[in-house]
Amino acid sequence: MNKQIESAAPWLFVVGLFVFWELACRLLSVPTIILPAPSAIFAAFQRFGGPIATNSFVTLWTTMAGFALSVVFGLILGLVVGWSRTIYRSFYPVMIGFNSIPKVAVVPILVMWFGIGEVPAILTAFLISFFPIVVNVATGLATIEPELEDVLRALGASKLDVMRKVGIPRSMPYFFGSLKVAITLAFVGTVVSETIAANKGIGFLMAQAGSNFQMPLVFAGLIALAIEGIVMYAATAWLEQRMTGWAFRSQGSAAA
Amino acid sequence: MIELKDISLAYAGRTGPVLALDGTSISVGKGEFAAVVGPSGCGKSTLMKLVTGLIKPTSGNVSVDGAPVHGPVKIAGMAFQNANLLPWRTVTENILLPLEIVEPYRSQFRAKKAEYRARVENLLEIVGLQGFGDRFPWELSGGMQQRASLCRSLIHEPKLLMLDEPFAALDAFTREELWCVLRDVWQRLNFTVVLVTHDLREAVFLADTIHVMSARPGRIIETRKVNFARPRDLDVCYEKDFTDTVQVLRHKIAEVRKA
Ligand SMILES: Nc1ncnc2c1ncn2[C@@H]1O[C@H](COP(=O)(O)OP(=O)(O)O)[C@@H](O)[C@H]1O
Ligand SMILES: [Mg+2]
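What you see is a predicted model; the values in this text were computed from it and never measured. (Residues numbered from 1 in each chain as written. Chains lettered and ligands numbered in written order. Predicted model: local features only at pLDDT ≥ 70, side-chain atom pairs only at ≥ 80, totals over all residues. Heavy atoms only, no water.)

S.K.: Go over the overall build of chain A, please, and point to the residues and values.
M.R.: The helix and strand tally for chain A stands at 11 helices and 0 strands. Moving toward the C terminus, one meets the helices and strands of chain A in the order α-α-α-α-α-α-α-α-α-α-α. In terms of C-alpha radius of gyration, chain A reaches 23 Å, well past the compact-globule figure of 18 Å for 256 residues. Expressed as lengths along the three principal axes of its C-alpha atoms, the size of chain A is roughly 75 × 60 × 25 Å. Expressed as a percentage of the 256 residues in chain A, the buried residues total 43%. Pairs at least 24 apart in sequence give 75% of the contacts found in chain A among residues at least 6 apart. (Helix = DSSP H or I, 4+ residues; strand = E, 2+ residues; numbered from the N terminus. Rg over C-alpha atoms; globule rule 2.2 N^0.38 Å. Buried < 20%, exposed > 50% of the residue type's maximum accessible area, 1.4 Å probe, protein only. Contact = heavy atoms within 4.5 Å.)

S.K.: Please give an account of the interface of chain B and chain A that cites residues and values.
M.R.: With 28 residues of chain B at the interface, the matching set in chain A holds 24 residues. Where chain B abuts chain A, roughly 2300 Å² becomes buried across the two surfaces, and 67% of that area is made up of carbon and sulfur atoms. Of all residues in chain B, B:Trp88, B:Ile101 and B:Trp138 give up the largest surface area on contact with chain A, accounting jointly for 30% of the area buried on that side. Linking chain B with chain A are 2 salt bridges. A salt bridge links B:Glu100 to A:Lys165; its shortest N-O distance comes to 2.7 Å. Scanning the region where chain B abuts chain A turns up 4 residue pairs in polar contact (both at pLDDT 80 or more). For the side of chain B that touches chain A, the elements supplying multiple residues, two or more each, are strand E6 (76–80) and helix H5 (142–154) of chain B. Of the residues belonging to the side of chain B that touches chain A, the class tally is 15 nonpolar, 7 polar and 6 charged. (Buried area = accessible area lost by both parts, 1.4 Å probe. Salt bridge = Lys/Arg side-chain N within 4 Å of Asp/Glu carboxyl O. Polar contact = N/O pair within 3.5 Å; in protein donor to acceptor, adjacent residues only side chain to side chain. Nonpolar A, V, L, I, M, F, W, Y, C, P; charged D, E, K, R; others polar.)

S.K.: How would you explain the layout of surface pockets if you had to name every residue and give the values?
M.R.: Residues and elements named next belong to chain A. Taken as a whole, the second largest pocket holds about 390 Å³ of empty space. Lining the second largest pocket we find Pro 10, Trp 11, Phe 13, Val 14, Val 15, Leu 17, Phe 18, Leu 222, Ile 223, Ala 226, Ile 227 and Ile 230. Mapped by element, the contributors of at least two residues to the lining of the second largest pocket are helix H1 (2–27) and helix H10 (215–243). The element best represented in the lining of the second largest pocket is H1, accounting for 7 residues. For the lining of the second largest pocket, the class distribution of residues is 12 nonpolar, no polar and no charged. (1 Å grid on protein atoms, 1.4 Å probe; cavity = no way out; pocket = protein on both sides within 12 Å on 5 of 7 lines; lining within 4 Å. Points joined across faces, edges and corners; volume = space filled by probe spheres on them.)

S.K.: Give a description of the confidence of the model for chain A that names residues and reports values.
M.R.: Counting all residues, the mean pLDDT for chain A is 90, and 96% of those residues have values of 70 or more. pLDDT under 50 marks residues 252–256 of chain A. Its contacts with residues more than four places away, or in other chains, come to 6 contacts. (pLDDT = per-residue confidence, 0-100.)

S.K.: Residue-level account of the packing of helix H3 (residues 49–83) of chain A against helix H8 (residues 159–196) of chain A, with values.
M.R.: Residue and element names in this part refer to chain A. Across the interface, H3 lies against H8 with an axial gap of 7 Å and an inter-helix angle of 145 degrees. Note that H3 runs across H8; the crossing there is right-handed. The residue makeup of the contact of H3 with H8, split by class, is 18 nonpolar, 5 polar and 2 charged. (Axes fitted to C-alpha atoms, helices over the stretch in contact; angles between N-to-C directions. Left-handed = near helix turned anticlockwise from the far one by under 90°.)

S.K.: If you had to explain a negative patch on the surface to someone new, which residues and values would you point to?
M.R.: Side chains of B:Asp233, B:Asp235, B:Glu239 and B:Asp241 sit close together on the surface and give a patch of like negative charge. You can see B:Asp241 is positioned in helix H8 (residues 240–258). (Patch = residues over 30% accessible without salt bridge, like charges linked within 9 Å, V, L, I, M, F, W, Y side chains within 5 Å. Areas by Shrake-Rupley, 256 points an atom, 1.4 Å probe, with all protein chains shown as cover. Lys, Arg positive; Asp, Glu negative; His and termini not counted. Charge placed at Lys NZ, Arg CZ, Asp CG, Glu CD.)

S.K.: Account for the pairing of strand E1 (residues 2–13) of chain B, with residues named and values stated.
M.R.: Residue and element names in this part refer to chain B. Pairing of E1 with strand E2 (residues 16–28), which is carried by 10 bridges, proceeds in the antiparallel orientation. For Ile 7, the partnering residue across the bridge sits in E2 and is Thr 24. Where E1 hands over to E2, the hairpin turn is made up of 2 residues, counted between the paired strands. In this sheet, strand E4 (residues 59–64) lies alongside E1 in antiparallel orientation, the contact comprising 5 bridges. Counted as the bridge partner of Lys 5 is Asn 61 from E4. (Pairing = 2+ DSSP bridges.)

S.K.: Report on the sheet that holds E1(B), specifying residues and quantitative values.
M.R.: An order of E2-E1-E4-E5 (chain B) is seen for the 4 strands of this open sheet, with the pairing classed as antiparallel. Looking at strand neighbours, the two that pair on one side only are E2 and strand E5 (67–68) of chain B, the edges of this open sheet.

S.K.: Run through the sheet that holds strand E3 (residues 33–37) of chain B, naming residues and quoting values.
M.R.: Residue and element names in this part refer to chain B. The 6 strands are arranged E6-E7-E8-E3-E9-E10 in an open sheet whose pairing can be described as mixed. Here the strands that pair on one side only, and so sit at the sheet edges, are E6 and strand E10 (220–225). Averaged over all neighbouring strand pairs, the angle between strand axes comes to 15 degrees, with direction disregarded. The sheet contact formed by E6 and strand E7 (residues 160–164) spans 5 bridges and is parallel. Note that in E7 the partner of Ala 79 across the bridge is Leu 163. Contacts between H8 and the sheet are confined to E3, strand E9 (209–213) and E10, with E10 contributing the most and set at about 180 degrees to the helix.

S.K.: Please provide a residue-by-residue account of the site of ligand 1, values included.
M.R.: All names here are of chain B. Neighbouring residues of ligand 1: Tyr 11, Ala 20, Ser 40, Gly 41, Cys 42, Gly 43, Lys 44, Ser 45, Thr 46 and Arg 216. A distance of 3.3 Å is found between an oxygen atom of ligand 1 and a backbone nitrogen or oxygen belonging to Cys 42. A distance of 3.0 Å separates an oxygen atom of ligand 1 from a polar backbone atom of Gly 43. Relative to its unbound accessible surface of 570 Å², ligand 1 loses 64% to contact with the protein. (Near = heavy atom within 4 Å.)

Given below as structure tokens:
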């Protein structure tokens, strides 16, 4: 019984939130142009269902494309950076510097290079999301227990052996853990880029609707974004659980 | 088995070189059980790394098994205070790890996997872990993890076993249990052991020879034979000769710590 309540709680909370929102809008007669009531947003969903769906899809696939680039490059760069202390030390300042550039500032450059369209969105998603993957993978490699490394090196293990047998499997929980962060960031990157310069995507749809004062549609876009974000986050969290369950189970159970 | 002559070793510390060992000589015979005791930071772990070929001495000669050491010796097994088992591998797979690294096992690993697994099973039985091969490390107590770590250090039938404070993190009862496990494997498999420890009773109970090191820079200031009859029983720890020996060593260490 308690379990049921617990699993239903998030849904109840969401429903409660919308009910409260609806009531507040009606009782205080908030103008739609300031804050549309959920019913108005729902109506917008019905009216603009087609455009919302197609634009959501564009946002989804550009995010996924940018995220895929991040995974590939982040993993490779993470392995390279984590490989040796020297590389780690020499790369790190540059990476920090790069990561601290607000990516919004890069969008106009990308648009100049690649024109308006999906490419800047994909690249922004990539640029904003690969850093946490690099850092996590590198950390996983760099924090191998030195004694374990000694055990293997005394047997004549090469650096590659140590990485294959210990470093890489060990960094996998860090890697999969970073995917949750990366997908969220990639999503932000895509939407930012679409909002600034694009002709498709939810970001673009919202910017358009905003300039036409169609507030219900803007909010419908927001809600579509929230749903997409939750789905993508949940997918990576599930993947993390699946791939590195041992890391969760072994936590805090190393009893002496 | 092990010959160290007039070794000195300096680490490149942050504020200049740190002399960890200076004029250290030690010799351990084949099949001997040697213990090294000394104040912490005196260079015991450094000594272990020199013998296994993980670091090179600044000056002096190291030879193991009759040959000068120039790189990883490959005939040694090592175990430390932390069992350091890989949490994504079962106990058996953890113990097999050295065979995936060291020749000639490495190139035959796929072909002979069944045989190697049988070997693991045999070792598990010797250390009292039979039936735990398919468990994961986190399902084991600290003492059991340390037993598994011991198996891992022995799977490639090393001629030399290097133990760096392997029982330091265990409770007193488990520790004494593991003394007996180590005593029994050593008597059965007949390898050479170097055991670094803080626990003087452990050293006196297990070893043939005890080497006492000075504070840093470490050198061997005393070598003492322990002649209790074997096989030794835990009861020996309460005999007068035993406690006297421990007492003498204790004074010696107290002296070098003050100096
Ligand atoms: N990699 C290193 N770099 C610099 N100094 C080190 C390093 N490893 C050990 N030392 C120093 O060398 C001395 C001996 O270390 P160690 O052999 O680990 O001592 P023990 O194992 O006896 O406690 C210590 O004073 C320690 O600070
Ligand atoms: Mg030490």
